Structure formats: structure tokens, C-alpha cells
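Below are the chains, spelled out letter by letter.
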Amino acid sequence: MTLLGAALLLLLLPPLALVWPGHGSAPRPPKPLLPIQPESADPLPSKGAAGCSFGGRSYALEDTWHPDLGEPFGIMHCVVCSCEPQRNRRGRPTGKVSCKNIKHDCPTPPCSDAILLPGHCCKTCPKAAPSIPEKRPEPLYDNFEYLQDKEDDLHRNYNDRAYLSSEDLVRDDSRIDFVSLLTSGSETQTPVSSAVAKARFTLVRSHLLFSINYERLGQPSRVRFTDAGGTVLFEHPVQKGPSPQDNMICGVWRNLQKSLTRQLKVDQLHISLVTKSHPEGEIRGKIIKHRALLAETFSAILTSVDATHLGMGGIAMLTLSDAENNLHFVLVTKGLLEPVEKKSSWLPLRVQILHQDRVLREVLANVSWQDPDFAEVLSGLAAREMLWLAQGQLEIVAEVEGRLRRKIAGRITTRKSCDTIQSVLCGGDALTPTQTGAVGSAKLTLHENGTLEYQVQVAGTRSEVIGVTLETKPRRRNKRNIVYDMTPSYEDGMASGTWEQANGRDAHMLLQNELFLNVATRDFEEGELRGQISSLLYSGLPARHEELPVPLAGQFVSPPVHTGSAGHAWVSLDDHCHLHYEIIVAGLGKADDGTVSAHLHGFAELGELRESSLREHKRLLRGFYGTEAQGVVKDLDEELLRHLAQGTAFLQVSTKANPRGEMRGKVHIPNRCEVGGIRLAPEDPEDELPGDPNPRDPEELKKDPSSCYFEGQHRPHGARWAPEYDKKCSVCSCQKRTVICDPVLCPTLNCSRLVHLRNRCCPVCEEEKETPGGPRAAERAQDSSEGCYFEGDKTWRGAGTHWHPVVPPFGLIKCAICTCKGATGEVHCEKVQCPHLTCSNPIRANPSDCCKQCPAPERIPSALSDMMQADGPRACKFGRQWYMHNESWHPTVPPFGEMKCITCWCLSGETHCQRQECSPASCSGGEKTEDSCCSKCHAPDDTQEMPRDEAKDSWRH
């Protein structure tokens, strides 16, 4: 969040900007404000929706939250804001933001050593790490059993602190699972396709993760989310590149508004898949909660056997019993009953399980239009049936007898998902805990045919590895149950291969997080490393599917750390040179050990550097609690980028017990990046376009702070050119390090026939020549897998393009630059930063220009000009106050008052803020006062310890 956003938060002002949703957002009436908003902000509620807008985010009535003021303020945990319902002058419901300080309401802790936990306002007495809540999940669908391990006979000498049952892993209140069956047609629309899809969703905090599998469908271009009324809420572009599995779509809908989360939980949101032939959505379905999702390990998508029966389909969710080989399944169908059969009370349903067209099991039941779902248990599966189940050789067929015989069928496979099956192996989780600083890192893939592909990295063990095994949880001492021995495939620190003989029970336990990897060595024959295999929720990070994680071990720290913890991480650079990372650690022990921090360093060995040199090439990625951390860094310096390219960088995780490094791993990412987040293209500079004034030497341009770098070439301030991606219908210009690309605005022609010339963007009259693609440009953009729909001019644009927005009724706004974010489909707009002028009388050469220039007749600029008309040196607006250039102040944060530890100053229209660091004060010999930022101790000799002032990074808005 920027300081401008923070100021808006502080003073409870309505936001000055908004983010337009991406693809396919339904057209809305013109808005008088530009979509200028930080990237992390949520979209505002649709027009007419009652609620509150606070700091660029929207809240529903009666919502409460702790305000996040951004750096350097952070989250104010002692302030609670709420959206209180009220009515405006016209009697319409609206919301009013009210904030209060709750620090004075904190109870007095009964202990003398109370501590303040992260994320809390009130101090509490220290206690042991809280255990997993003992609440049980709600009962499943009638015929589903939940798997529960009986731990009574587990030998007490074994280490069991790291084991999490499948029940524990799904009992997290912060995540909810949903499912949707997508078919063609609806109550009001005629079916046009026989395609069927299954979409599975996981709501984690405010993010909705989804995995979609489809059959009989061409390449989808977008995933569209709508409300019950058909309003488009969000669209996700479908990448046309390789995906983790065929016919699968993976995606994330980030930062759902509270109101949309409520609609999701009451089955009011819908999803559809958009194709080129059906831009309105070829198949669609309602998103619902279903109890069968909790234990599902096998699934099937059922399509119509008769291709002429459109709009029919179904999904089956299956699982095995805990002990016996009983197969439970729930069948959900749409279109299997004809509309004329709605009044029929019951219809006979036949469900069969087939192997190579031979019926193995058959179930007869009755279904109705009002209750078409069906659940059943197939008991006592034989060994060969269990093998066929895992290998995807079983088929499920459902048939209903009516006026027309309708039948749907599909192959049963292991549950498909975009999640990553992985494991971190550490000594702390071994059956007999060890502390050697070794690490094991595993990535596994379960294919549709039941083949398990595995890659297990092992490093830093104290002695030779003698065994790598896949096991279940042990029951008694010396009674380890080895499911599969990977040792023959182990060589040079890596066990890799495939297991082709897994049966249904093995696949079921793998997907229920009930299998472990164990590494035995000469010194630890029972196991030096051990880790539970679990599914890591999809995060949108492509590196997970393309490469192995980086192992993190105490043995890699300099000097080595003998710890029982370990970890692994995926680290990558995207096309914009932004660093994406995802870190998983294990074996750290109790959660009250303190914050875990992750840093990226620019050298491979700490021992080679002095501490002062290390700080210069060190970047904090994140401080976190728990076992996982992920994020993105967009402003790595040139030195760190170079070390990443050379393989001399490493990622290090530090803890309270080991502040100089608990574990680390080397990171090597070949790249051609320069500071500022720009991917360098091969050196092939173009000649200056005709008409460009004063061509300059490329090396000289690189040193010019006002030059722009675009499409592999430096250009001077004020230059104009046609971009490579659209040489005919776009014009770009450089304005002080900012590249602005505008579409060519064509004049209105008054003629009966318009044609396009080959080398011209705008149509002309009385020409017969054809154009290769003029009127189809918008269609191509709309069918693209990545792009944005901008409501201002109702135009689709390709990912990564920049332009001046057209906002009715104001027209073209040249003081704003919009960018299409292809990954999220959002339009992000910023105001233009005009160059600093040395003259005292700047003017605009043209009324439509944003920035002024010299020379011009003398004019007296107003002290506080319009924020969108950038005169310099400019004043700064912070909250409701204006501050002049070079003026400094302490910000005021209601309801706390003046923040004496934070100093802000205005520099050419930009607000910078910095927190003062205080040295620890020892007050054993005198009185401690709190009348300033830093505590001061008045010793008997009237001496006091002066605060230590260390230069810190500043923040800009």
C-alpha cells in the first residue's frame, strides 16, 4: 500500500481511485474518476451496492477489520474499524466507517511476564504452542466415511509430533472447498454442446483457487465468474501454453470482496468456460459446497453416450473406506432427466461399473428431478479391482429410462488437481529425531494411469544413504510398513523413477496425506530424515510444475548448523524480472520460537564476507510464522540479479535460535535483467525513426535518467515511435522514464463504404483494397488467452500494453497511463510523472498535453495545483493537509494521534516516510520516560543513553 493509500486510511476519506476488473467485466455507467489504485487493492463494489469504501478496499455492512496503513506503519492491531449501516438523505442504505482504539479495553494479564504475540493488541501470558483444535468435521454425505487413524497402538518411543492426519489437514477453518458441474444449456437457454467440466475450488482467506477439468471442449479462452443475475464479476485468461495436465485449467481469483465471499458460501456464484465459438460461455454451472469433497480421492467426468443428446453430463466423487476395500461414491448429474419429466415423481436409475465393457458392479435406484444426486457403496473390491481403480481402467455408466433413453459414462481416475504433491524431509521429524542439518526434498506426480513419478533429493547426511522408502505411519516399534522401496533408483543424492504397481489403496493414502518418505543412513539405520507427503495448494507459480525446489539445509550454512529442521523453495524470475518465491520448512518445533525470516543473499558463503559487506547484498523476502511463505519482489537491485544469473546467490532462512541462518540453499536463475525490472533483449538496436530529433549514442542514452527502455532499446525523453507489437495502429512516446503507448484515434468518416489500406490504421473512403485484419483486431484481442477489457473505451487490449485511458465523458486522459496485467486480467492506471522544469513559467503547448514545457510567457503557478496536472516542484498532499517542498512532519494516525517515531517529508510532490530506530535502553538505575519516540533512561548521574539513528530505507507513494 502506498503512503497516499495510507493517508486515505488514516483520515477515513473515500478512495480517489479504483481498479477496473479484467476481461469481460460488464459495462457500467461512466465513472468520474480514473482507475488509479495500488496493485493490492480490491475492486470496489458495483454501483448501488451498500457498503463502505476504505483505503481503496470495499467492505460490506457490519464488516470489521484492522486497518493496514502500509509501510512503515503496518497493520494497526489495536484499532478496529467497522462499516456501520445507515441511510442517506434519499433513504437509501449506505455505510459509514467508524474506527476506535481497543488498547484501553485490554484485560490485565494474571502473570508478570506477559508477552505481546504477533498480530495481537493485548499482551497474554506465555504458554505452550496451541495444538490443533479438537473440533470434528461435520458429518459427511450419508454414504461417505471419513478416514481416521487409530493411534492407540503407536509406540511411545517413536517421534509423532510432526504427523498430521488427513482430518487435521482439512479441518482448517480458513479454507472451504466447493465444486461445480458445468454443462451446456440452462432453464432459459438451449443446449449447444455435449461438453462437460468439473471445477473444484478452495477458498483460502480471500483467495479462490480453482482446478477445472473438461471433456469434449475446444480450447477455452477465459474462465468467467458471474453472480446470480449474470453480472460478470471476474474473468481468468486461459494460458495456451503447456499445463500440468491435459484438459486442465488452473487459476486463482485473488482478493474477493466480503460480499462476494458471502454469495459464494450460499451458492449464489456461477462459473462458465468461454470459447471462441461461444463468447457468451459454452458451458456453465453453479458453484456449490458438497460434503463428498472432503474425502474425495477418485473422480470421473461423465458425458453423453449419444452425441446428439446435448447439455447432459455428470461428475462422480469417490473414496475408499478406512479399513475395508469399500468404494463410496456420489453421482451428480445435469440434463439426465428431460424437462417434460419434471412432474414425474421417480425414475429408475441404473449405475454400472465396467472394466473393458464388462459389468463388474450394478446398482439400481430411483431418482427425481428435485433430487437427482445419488450415493452408494460398492463393498468388498477384489485385489484386481483395486489395481484397475488406480490405473484408470474402470468406467462408470449412469442410465435413466424415460421417454428417451439417456446414458452418460466416464472413466474413473485418481483425483485431478493443480496442487503440488511434495514433502520436506528433516531430522526433527524422523522416528527417532536427529540433528545433523541434513535435508530431503521430494516432488511427486500421480498420473491418470496410476503411475507415481517421484524425485527425491537428499543432501547433508552424516553418513552414506542406505535406503529411501515410501511408508505408512508405523504402528509399533520395529514394525515400519514399507509400501515401496525407492533405494534402487538412488544415485548421487537423487532418487528418481516411477512406481507402476500402486493399487487403489496406495493412491488413496497418497491423496489423503497418509504416506511418508524415509531416508536411512549408515549411522541412522531406522532413518535420519523423514517427511510427510502432502498436497501443496496451487499458488499460480509456474516454477512448481517446471523445476525441482531448492533444498534448504543447515549443512549449507557457513559454518554448518546441526539442526533438525529443513526446507525447500521454488524461486523464479518472470518476464518483468520480478522474483517469485515459495518456501516450505519443516522440523522447526514450537511456534513460540519466534518469527522465521527468509533472506536472499548475493554471495554463496557467509564466511567469505564481513558482516558489513553482507548487509549490502542482502534482501529480506519475508518474515513469517508457521511452515509456509510466498511472495514476489519487484525491485531487486542489479547486484542481486547478477548473482542470481551467476549462481552465487542463496536463500537463507533464519530463526530466533539461529539468527545467522538455520538453513540455506543455493539459487541459480539464468537471466538478462537490469535494475528496475526490465528483461534485456539481445542487442539489436534499431535505427532512429525518421523525424526523431537529435539521434543520440545508445551508451549515452543509458546514462540519461530521463530516457526510456522499451522493447530492447533506449529512447530519449520526448521521442515518439511506432511499437513493434503494433507498428500500424499505436504510437508510443517517452516521458521521463515512462513509455506511453496510445492507439491511433481515427476520425469519423461520412461515406457509404469504408475500406482499410494495407499500411494505414484508419479506414478511408472510396478505396477497394482489402486490409489483412483491421476490423478483426478487436476480435483477435478478445480471443487472446491474455488481455484486459477496459470499461472506459470498452476495448480489449493485449497483456503488457500501455495506453492513455479514454474515460467518457472526459475523453482521452493524457495525464494517466494504464497497463494491462495479463496474469490477473486487471487494468492498472497511474498518473504521469512530469519532468522537473528549471524555468519559472512553464506552459502546455497543446491543451490536451499533460506536462508543461519551457519556454513560455511568465505565469504565476498556484501553490497547490491539481494533482493530475503535474507542476514542479510540487507540494505534497498527505491526508487532508498540504505540505510544501522540503517540509517535514510527524504523521497523525487517528485514534492514536501523532506518530513521533515516524518522520515524513515532501520532495517534489512525493511523500517519503521513515521510522526512527531506537537503541535498547537499560533503565535499571533510573527512571524511564516515554515523552518522545525513543525511551530515555535518567540515571543517577544525570547521564542518558542517546538513541541510535540508523539510516533505513524510505518509502514512496
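See above for the structure.
## With respect to the overall build of the chain
No. 1: The helix and strand tally for the chain stands at ten helices and 65 strands.
No. 2: Across the 957 residues that make up the chain, the buried fraction comes to 47%.
No. 3: For the chain, restricting intrachain contacts to residue pairs at least 6 apart in sequence, the fraction spanning at least 24 positions comes to 58%.
No. 4: For the chain, the accessible surface area stands at approximately 47200 Å², while carbon and sulfur atoms represent 49% of it.

## Quick look at the environment of L640
No. 1: Residue placement: L640 occurs in helix α8 (residues 638-646).
No. 2: Look at L640 and you get buried, because its relative accessible area is 1%.
No. 3: Sequence spacing of L640 and F650 is ten residues, and the spatial spacing of their C-alpha atoms is 9.9 Å.

## Here's the deal with the state of the cysteines
No. 1: For the structure on display, the rule yields eleven disulfides.
No. 2: Covalently, C78 is tied to C121 through a disulfide, its sulfur atoms 2.0 Å apart. Across the S-S bond of C78 and C121 the torsion is about 105 degrees, and the bridge reads as right-handed. Here C121 lies in the loop between β5 (93-101) and α2 (166-170) and C78 lies in the loop between β3 (64-65) and β4 (79-87), a separation of 43 residues in the sequence.
No. 3: The exposure class assigned to C121 is buried, which follows from its relative accessible area of 13%.
No. 4: Each sulfur of the disulfide joining C577 and C673 lies 2.1 Å from the other. On the sign convention where negative means left-handed, the S-S torsion of about -90 degrees between C577 and C673 marks this disulfide as left-handed. Of this pair, C577 sits in the loop between β33 (566-573) and β34 (579-586) while C673 sits in strand β40 (residues 673-674), and the two are 96 residues apart along the sequence.
No. 5: Classification of C577 by relative accessible area gives buried; the value is 2%.

## A short note on the pattern of salt bridges
No. 1: Scanning all chains against the criterion turns up 19 salt bridges.
No. 2: Note that K198 is salt-bridged to E296, the shortest N-O span being 2.4 Å. Residue K198 is located in strand β7 (residues 196-204), and its partner E296 is located in the loop between β13 (283-286) and β14 (298-304); the two are separated by 98 residues in the primary sequence. Of the two residues, K198 and E296, neither departs from the other in class, the shared state being buried.

## With respect to the nonpolar core
No. 1: Counting residues in each nonpolar core, the largest one holds 58 residues, and the members touching the most others are I396, I412 and V456.
No. 2: Other than its neighbours up to four places away in sequence, I396 contacts A300, L302, A316, F329, V351, Q352, I353, I408, A409, G410 and I412.
No. 3: Counting 28 residues, the second largest nonpolar core, distinct from the first, contains C577, L621, L636 and L651.

## Re the environment of G51
No. 1: Considering the arrangement of structural elements, one finds G51 in the loop between α1 (3-10) and β1 (52-54).
No. 2: On the basis of relative accessibility, which here comes to 14%, the residue G51 falls in the buried class.
No. 3: Once residues lying within four places of it in the same chain are set aside, the contact partners of G51 are Y59, A60, L61, C83, T94 and G95.

## Notes on the sheet that holds strand β19 (residues 374-378)
No. 1: The eight strands lie next to each other as β18-β17-β20-β21-β14-β15-β16-β19, forming an open sheet whose pairing is antiparallel. The open sheet has two edge strands, β18 (358-367) and β19, and neither has a second partner. Within the sheet, the average angular offset between the axes of one strand and its neighbour, ignoring direction, is 20 degrees.
No. 2: Relative to strand β16 (residues 327-334), strand β15 (residues 313-320) runs antiparallel, the two being bridged by eight bridges. When the bridges of β16 are listed, L318 appears paired with F329.
No. 3: Along the sheet face, helix α4 (residues 383-390) touches β14, β15, β16, β17 (347-355), β18, β20 (394-400) and β21 (406-414) and points at about 80 degrees away from the line of β18.
No. 4: Contacts from helix α5 (residues 504-511) reach β14, β15 and β21, with the element oriented near 95 degrees to β15.

## Quick look at the packing of aromatic side chains
No. 1: With the rule as written, the count across this model stands at twelve aromatic pairs.
No. 2: Where F234 meets W253, the ring centres are 5.1 Å apart and the plane angle is 5 degrees; that geometry is what we call stacked. Of this pair, F234 sits in strand β10 (residues 232-237) while W253 sits in strand β11 (residues 248-253); the two residues are 19 residues apart in sequence, bridging distant segments of the chain. Here the two residues F234 and W253 agree in accessibility, since each one is buried.
No. 3: Among the aromatic residues, ring-to-ring pairing joins F201, F210, F225, F234 and W253 into one connected group.
No. 4: Over the face of the ring belonging to F650 we find R664, whose NZ or CZ atom lies 3.9 Å from the ring centre.

## A look at unusual backbone geometry
No. 1: With an omega dihedral of -5 degrees, the bond running from S558 to P559 counts as a cis peptide bond.
No. 2: One can find P559 in the loop between β32 (550-552) and β33.
No. 3: Positive phi, close to 55 degrees, is recorded for N255, a residue that is not glycine.
No. 4: Secondary-structure assignment places N255 in the loop between β11 and α3 (258-265).
No. 5: We classify N255 as partly exposed; its relative accessible area is 22%.
No. 6: Of note in the backbone geometry, C577 takes a positive phi value of approximately 65 degrees without being a glycine.

Reading the values: rules and limits
Position labels on residues start from 1 in each chain and follow its written sequence. Selection of residues for local features in this predicted model requires a pLDDT of at least 70, selection of side-chain atom pairs for listing and counting requires 80 or more, and totals for whole chains, interfaces and linings are taken over all residues. Neither water nor hydrogens contribute to the side-chain values; these are computed over all heavy atoms in the structure. Counting from the N terminus, the helices are DSSP H or I runs at least four residues long and the strands are E runs at least two residues long. Burial classification: accessible surface area is computed with a 1.4 Å probe over protein chains only, and a residue below 20% of its type maximum counts as buried, one above 50% as exposed, and the rest as partly exposed. What makes two residues a contact is simply this: any of their non-hydrogen atoms within 4.5 Å. Exposure was quantified through the Shrake-Rupley algorithm and a 1.4 Å probe, taking into account, for residues, occlusion by the shown protein chains and nothing else. The definition used for a disulfide is geometric: two cysteine sulfur atoms within 2.5 Å. Here, a salt bridge means any Lys or Arg side-chain nitrogen found within 4 Å of an Asp or Glu carboxyl oxygen. Take the buried residues of types Ala, Val, Leu, Ile, Met, Phe, Trp, Tyr and Cys, join any two whose side-chain atoms come within 4.5 Å, and each joined set is a nonpolar core. Pairing between strands is defined by DSSP: at least two bridges between the two strands are required. What counts as an axis is a line fitted to C-alpha atoms, over the stretch in contact for a helix, and the angles between N-to-C directions run from 0 to 180 degrees. To pair, rings of Phe, Tyr and Trp, with the six-membered ring standing in for Trp, must have centres within 6.5 Å; the planes then decide the type, stacked if under 30 degrees apart, edge-to-face if over 60, and tilted in the middle. Whether a charge sits over a ring comes down to the Lys NZ or Arg CZ being within 6 Å of the ring centre and within 35 degrees of the ring normal.

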